[in-house]
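Survey of secondary and tertiary structure
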Amino acid sequence: MLKIDNLQVSVADKPILKGLSLDVPAGEVHAVMGPNGAGKSTLGYTLAGRNGYEVTAGTASLNGEDLLALEPNERAAKGLFLSFQYPLEIPGVPALTFVRTALNAQRKARGEGEVSAPEFLKLVKQKAKELRIDFDMLKRPLNVGFSGGEKKRMEVLQMALLEPKLLILDETDSGLDIDALRIVSEGVNALRAPDRSMLVITHYQRLLDYIRPDKVHVLAAGRIVASGGPELALELERTGYDRYAAEAA
Amino acid sequence: MSVSQETIETVAGLEKYKHGFVTDIEQEFAPKGLNADIVRFISEKKGEPEWMLEWRLAAFERWLAMEEPTWAKVDYTPVDYQDLHYYAAPRTKAKPKSLDEIDPEILATYEKLGIPLKEQMVLAGVEGAPKYAVDAVFDSVSVVTTFREELAKSGVIFMSMSEALREHPELVKKYLGSVVPVSDNYFAALNSAVFSDGSFVYIPPGVRCPMELSTYFRINAENTGQFERTLIIADKGAYVSYLEGCTAPMRDENQLHAAVVELVALEDAEIKYSTVQNWWPGDPVTGKGGIYNFVTKRADCRGDRSKVSWTQVETGSAVTWKYPSCILKGEGSVGEFYSIAITNGRQQADTGTKMIHLGANTRSRIIAKGVSAGKSVSTYRGLVSAHPKAKGARNFTQCDSLLIGKECAAHTVPYVEARNGSAQFEHEATTTRLSEDQLFYAMQRGLSQEEAVQLLVNGFVREVLQELPMEFAVEAQKLVAISLEGSVG
């Protein structure tokens, strides 16, 4: 599924990722944990193709396809979804319009037909209900005036509708209270599938109580410095990142 | 299909400026240049009454004594007023009685523009659209006005200004120049002297006009100025929604368009006036050609509780100088101005509104959205004033500018004067650059850069688009998208 090999990335000429390698096989959920400034968000943005994240060496592919050669929207059409730590507000564009436009743009890029309006509405209604999103909220401009929890639920709703192959969750637990965290996690867990992989980027172990990873990697100073099972996350919670940060430096 | 999705698809299938073609027909011109004889020529061509000729000549005298205004934030090659034709008309005898008598080339032109001149056709092919009556003005003359009989049944008069001068001279005489006096400004004086045609609307007391009225202006001829004159009167308790659209061929020379629009709303009357202006903006790279759009639009809310709404979507023209205004004379009268001004390439727009509060408890609302891209310059210029008698006057103004790219500019010049203590004026203004973060977010969800820009800009202007009649909102949304093509590189 996702294969990253010796990825090196600079932001404003400053090296952030310094030879990161990672494999996430189909159907697996991997967590990437690390201290602040380790390059966690950089990893997500680089994979999604954000401007300003300059790849200086290495490769990243999704199902054998070179991701780094593609525009962000092309990566999205190939099935990459980045859930933002701080989802953007889109004034004047109703959430429904936004998601439908995105879905049809992706389908068009893949040579698939458009989803009809009634079909789309039916789908949205069902998914929104599962995520306890009030349908009227979807008629409002996307994320404008939404609470932190509402924004994250909107992200999960978009995932559910766009049905990506690779889901990257960037600090999805930030700004969530326990109830919201539970709803969001349930939504994400419902998307687990044999042909879908997830990369869960998080600072805290807490999220992993809800979204249980198959593997945990520690990212420090731009590299994966340790990998293990879910128990690694628990250990990190106890001992902190200092040891790894010191090792990596 | 969602409107924005439709926008994206439509845009994908469009050329940049699809109205830029020239219609090849035989035309009759006045000799180039401007003098009293040309004014007489125009008046005679139209078979006008003597008083109208005198009015024009007086306007011409005033114009000679005036100077072209230079205060607007626009920069253009001066117009050589002696190097223009002031009258150009398709060579036909009288006004054709039916469509069969119109030059097929002209019919084809309007068909190509999506303007329904046959009454059974619907506007722009929008299915299920309500009926629209259209007055089609081609260069200096009105070629056809549709649904006249049907409108006449409810007492609505909708015809070209030339015909109105012949058929309803008393109405024209009473109201013409009563909102925009001859000497109001340089371009208004010029227009008063040489205006050739335009639309005339009268809605009798208590009548709600049974369909949308619209005028479609087309400049075709070379080196010709278009000077149209529109006069709309809504009598007591009447209502009308009126729309104008404008396009022109792509030409290398600048063309002058100096229109005057006067609206009169009597007691409890309401006029909704919408404009979708898509004149040729000139070459996006060299800035060559394009329309000079120097227009005076003003509404007189003469009666108590009268209301006028201006809604404009300005995407075309090389240079725009235009301030649709409301004089709020009647007690409790209401003025509104909703505007989207989009500039790209080398376009320059200086536009805004004036809300003059004269009567007590008058209210006004201004929502102006400016979008600048390329190397364009856009200025919002507005005046809100409350006179001593305008007790309890209220205004709310919101001016938002969106910048796309690094070479464009946006300016906001609001003038506010309150000459009584009970007036309440609010002004909000924002200037933002199209956010990289939002663009990336939309692209991450699958939209191409172009699609993302269109979606975000349409979101930015949505508040104003919603004020347009539905069919035109769709049209305007497409225009917004087309105007911004290639604005992010």
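Placed above this text is the structure.
This section reports on the structure supplied with the text. (Residues numbered from 1 in each chain as written. Chains lettered and ligands numbered in written order. Predicted model: local features only at pLDDT ≥ 70, side-chain atom pairs only at ≥ 80, totals over all residues.)

1. Let's talk about the overall build of chain B
When helices and strands are counted, chain B shows 11 helices and 23 strands. The contacts of chain B with a sequence gap of at least 6 include a subset with a gap of at least 24, amounting to 83%. (Helix = DSSP H or I, 4+ residues; strand = E, 2+ residues; numbered from the N terminus. Contact = placed C-beta atoms within 7 Å.)

2. With respect to the overall build of chain A
Broken down by element type, chain A carries nine helices and 10 strands. Whereas a compact globule of 249 residues would reach a radius of gyration of roughly 18 Å, chain A reaches 18 Å, a difference of no more than 12%. A buried classification covers 46% of the 249 residues belonging to chain A. Here the contacts in chain A between residues at least 6 apart in sequence split such that 72% fall between residues at least 24 apart. (Rg over C-alpha atoms; globule rule 2.2 N^0.38 Å. Buried ≥ 20, exposed ≤ 12 C-beta atoms within 10 Å, placed from the backbone.)

3. Concerning the sheet that holds strand 7 (residues 166-170) of chain A
Residues and elements named next belong to chain A. The strand order across the open sheet formed by six strands is 6-7-8-3-9-10, and the pairing between neighbours is mixed. Looking at which strands have only one partner, the edges of the open sheet turn out to be strand 6 (80-83) and strand 10 (223-228). In this sheet, neighbouring strand axes are inclined to one another by 20° on average, regardless of whether the strands run parallel or antiparallel. In the sheet, strand 3 (residues 29-33) pairs with strand 9 (residues 215-220) via four bridges, with the strands oriented parallel. By the bridge assignment, His 30 is partnered in strand 9 with Lys 215. (Pairing = 2+ DSSP bridges. Axes fitted to C-alpha atoms, helices over the stretch in contact; angles between N-to-C directions.)

4. Details of the interface of chain B and chain A
Across the boundary between the two partners, chain B contributes 22 residues, which contact 26 residues of chain A. Split into classes, the residues belonging to the side of chain B that touches chain A amount to eight nonpolar, eight polar and six charged. (Nonpolar A, V, L, I, M, F, W, Y, C, P; charged D, E, K, R; others polar.)

5. Description of the nonpolar core
All names here are of chain B. Judged by nonpolar contacts, the single largest core of 207 residues is most densely connected at Val 201, Ala 234, Val 240, Leu 263, Ala 265 and Ile 271. Looking at this core, the element that brings in the most residues is helix 10 (residues 449-465), giving nine residues. Apart from the residues lying within four places of it in its own chain, the contact partners of Ala 234 are Ile 203, Tyr 239, Val 240, Ala 265, Leu 266, Ala 269, Glu 270 and Ile 271. (Core = buried A, V, L, I, M, F, W, Y, C linked by C-beta atoms within 7 Å.)

6. Focus on the packing of helix 9 (residues 436-444) of chain B against helix 10 of chain B
Residue and element names in this part refer to chain B. Contact geometry of helix 9 with helix 10 gives a least axis separation of 9 Å together with a crossing angle of 120°. One finds that helix 9 runs oblique with respect to helix 10. Note on packing geometry: the crossing formed by helix 9 with helix 10 is right-handed. When helix 9 is examined against helix 10, the residues Gln 438, Leu 439, Ala 442 and Met 443 are found in contact with a partner set consisting of Gln 449, Ala 452, Leu 455 and Leu 456. Of the residues contributing to the contact of helix 9 with helix 10, the split by class is six nonpolar, two polar and no charged. (Parallel < 35°, antiparallel > 145°, perpendicular 65-115°, else oblique. Left-handed = near helix turned anticlockwise from the far one by under 90°.)

7. So, the pairing of strand 16 (residues 325-328) of chain B
Regular strands show a simple pattern: their side chains alternate between the two faces of the sheet. All names here are of chain B. Where burial is concerned, the two faces of strand 16 agree: the one with Ser 325 and Ile 327 and the one with Cys 326 and Leu 328 are both buried. Across four bridges, the pairing between strand 13 (residues 290-301) and strand 16 is parallel. Residue Ala 299 lies in a different strand from strand 16, and its bridge partner there is Cys 326.

8. Comments concerning the environment of Leu 57 of chain B
Position of Leu 57 of chain B among the secondary structure elements: in helix 3 (residues 50-64). Not counting residues within four places of it along the chain, the set of residues in contact with Leu 57 of chain B comprises Ala 36 and Val 39 of chain B.

9. Quick word on the sheet that holds strand 4 (residues 53-62) of chain A
Residue and element names in this part refer to chain A. Ordered in space as 2-1-4-5, the four strands form an open sheet in which the pairing is antiparallel. Each edge of the open sheet is held by one strand with a lone partner, namely strand 2 (14-24) and strand 5 (65-66). Two strands pair when backbone bridges link them, and strand 1 (residues 2-11) and strand 4 are joined in this way by eight bridges, in the antiparallel orientation. Along strand 4, the bridge assignment pairs Leu 2 with Leu 62.

10. Digging into helix 1 (residues 40-48) of chain A
All names here are of chain A. For helix 1, the buried fraction is high: eight of the nine residues fall into the buried class. By the burial criterion, the buried members of helix 1 are Lys 40, Thr 42, Leu 43, Gly 44, Tyr 45, Thr 46, Leu 47 and Ala 48. Looking one or two residues beyond helix 1, the residue adopting positive phi is Gly 49, at roughly 90°.

11. A closer look at helix 8 (residues 231-239) of chain A
All names here are of chain A. Looking only at helix 8, the buried set comprises Leu 232, Ala 233 and Leu 236. Buried residues of helix 8, viewed axially, fall in a sector of 100°; they line one side. Exposed positions of helix 8 whose direction lies more than 90 degrees from the buried face are Glu 231 and Arg 238. Tucked inside the fold, the buried residues of helix 8 contact strand 3, helix 7 (206-210), strand 9 and strand 10. Just beyond helix 8, the residue with positive phi is Gly 240, at close to 80°. (Arc of directions from axis to C-beta.)

12. Side note on the pairing of strand 3 of chain A
Residues and elements named next belong to chain A. In terms of burial, strand 3 is largely enclosed, as five of its five residues are buried. Residues Val 29, Ala 31 and Met 33 of strand 3 are buried on one face, and the alternating residues His 30 and Val 32, pointing to the opposite face, are buried as well. Of the strand pairs in this sheet, strand 3 and strand 8 (residues 197-202) are connected by five bridges, and their pairing is parallel. Residue pairing for strand 8: Ala 31 is matched across the bridge by Val 200.

13. Brief notes about the packing of helix 5 (residues 148-162) of chain A against helix 6 (residues 178-189) of chain A
Residue and element names in this part refer to chain A. Following both chains from N to C, one finds helix 5 and helix 6 inclined at 5°, their axes separated by 10 Å at the closest point. By the angle between their axes, helix 5 is roughly parallel relative to helix 6. Two secondary-structure elements touch here, helix 5 through Gly 149, Lys 152, Arg 153, Val 156 and Ala 160 and helix 6 through Ala 180, Ile 183, Val 184, Gly 187 and Val 188. Considering only residue class, the contact of helix 5 with helix 6 consists of six nonpolar, two polar and two charged.

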